[in-house]
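Residues per chain, in single letters:
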Amino acid sequence: MLYIVSTPIGNLKDITFRAVETLKNVDLIAAEDTRHTQILTRHYQIDTPLTSYFEHNQFSKGEYLLKLLKDGKDIALVTDAGTPGISDPGYQLIQLAKENDIPITVVPGPTALIAALTASGLPCHNFIFEGFLPVKSAARRKKLESLKEEKRTIVFYESPHRLLKALKDIEEVWGDPVIVCARELTKKFEEVKKDSAQKLREHFTKVEPKGEFVLLVHLGARNS
Ligand code: SAM
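Rules used throughout
Residues take numbers from 1 onward in each chain, read along the sequence in its written order. In view of the model being predicted, local features appear only for residues whose pLDDT reaches at least 70, and side-chain atom pairs are presented and counted only at 80 or more, with totals across whole chains, interfaces and linings using the full set of residues. Side-chain measures here rest on the full set of heavy atoms in the structure, leaving out hydrogens and waters. For helices, the axis comes from a line fit to the C-alpha atoms of the stretch in contact; other axes are also lines fit to C-alpha atoms, and the angle between any two N-to-C directions lies between 0 and 180 degrees. The way it works is that DSSP assigns letters per residue, a run of H or I at least four long becomes a helix, a run of E at least two long becomes a strand, and they are numbered from the N terminus. Oblique is the label for any angle not covered by the other classes, which are roughly parallel (under 35 degrees), roughly antiparallel (over 145) and roughly perpendicular (65 to 115). Should the near helix be turned counterclockwise from the far one by less than a right angle, the crossing is left-handed, whereas a clockwise turn marks it as right-handed. In what follows, a contact means two residues having at least one pair of non-hydrogen atoms within 4.5 Å. Residues are sorted three ways: Asp, Glu, Lys and Arg are charged, Ala, Val, Leu, Ile, Met, Phe, Trp, Tyr, Cys and Pro are nonpolar, and all the rest, Gly among them, are polar. Two strands qualify as a pair provided that DSSP identifies no fewer than 2 bridges between them.

**Student:** For this particular structure, what's the right way to read the packing of helix α6 (residues 137-146) against helix α7 (residues 163-174)?
**Tutor:** Here α6 crosses α7 at 45°, and the two axes come no closer than 10 Å. Taken together, α6 and α7 sit at an angle that is classed as oblique. Crossing of α6 over α7 shows right-handed handedness. When α6 is examined against α7, the residues Ser-137, Arg-140, Arg-141, Leu-144 and Glu-145 are found in contact with a partner set consisting of Lys-165, Ala-166, Asp-169, Ile-170, Glu-172, Val-173 and Trp-174. Considered class by class, the residues forming the contact of α6 with α7 number five nonpolar, one polar and six charged.

**Student:** In this structure, what is going on with the sheet that holds strand β2 (residues 28-31)? I would like to understand it.
**Tutor:** To summarise the sheet geometry, strands pair through backbone hydrogen bonds and adopt either a parallel or an antiparallel arrangement. Across the sheet, five strands lie side by side as β3-β2-β4-β1-β5; this open sheet has parallel pairing. Strand pairing shows two members of the sheet lacking a second neighbour, β3 (50-52) and β5 (104-107), which therefore form its edges. Within this sheet the neighbouring strands show an average axis-to-axis angle of 25°, counted without direction. Looking at chain direction, strand β1 (residues 2-5) and β5 are connected through four bridges and run parallel. Across the sheet, the residue bridging to Tyr-3 is Thr-105, located in β5. Of the strands in this sheet, β2, β3 and β4 (75-78) touch helix α2 (residues 34-43), which is tilted by about 155° from β3. Helix-sheet contacts for helix α4 (residues 91-99) involve β1, β4 and β5, and the interaxial angle to β1 is about 150°.

All quantities given are derived from atomic positions and should not be read as evidence of function.
Spelled out as structure tokens, the structure:
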């Protein structure tokens, strides 16, 4: 059986009983970064062996994990934070397992996009998750242009290094909409700020953007 296990996005206590039990009982944990996952396994006294499964070894490692699964081993797939496959490795292995009729089950739990969406105060009944915006400005602006008429709440992941550039492009392409910026959710410096893209840019020009960010916007009222 392949278990797809969600892990905390910051606060180590955000893990389900079933996730801990699963991580204890499987034969192997396939982790994006074994050193990172060790923080979690040590905290919960989980002594299951770990092996790495990340973006750049997912093809070769996928075949190896598939062989173990075919031999009857139980494997849990985890990433550094949140839910595997969500802007993280996982999809290729899950697809491979499915193609080979390996039983799969999901052990659901945290994911930053849902935590941010529920904390944002923006409409949640309909939303679109775009993952990370393109790194290059031309591609980013093209993506933003393509979403100009979007009526649902739009959710992006963003890195602290690109936050200011992304806010600038959002301001210019979307005409300075109200943005919710959810930072460091479940951690010590958790912050959910709602302001215009320009005001947020001014703020993060003075205060260096640090940590992990989710950006959310609802152009819906404007587009309906
Ligand atoms: N698989 C993860 C999930 O389920 O949310 C996402 C992994 S992705 C590589 C990492 C991005 O998720 C970060 O750059 C940030 O945009 C977002 N993220 C993860 N943890 C977060 C947190 N505690 N607060 C805000 N955003 C977070």
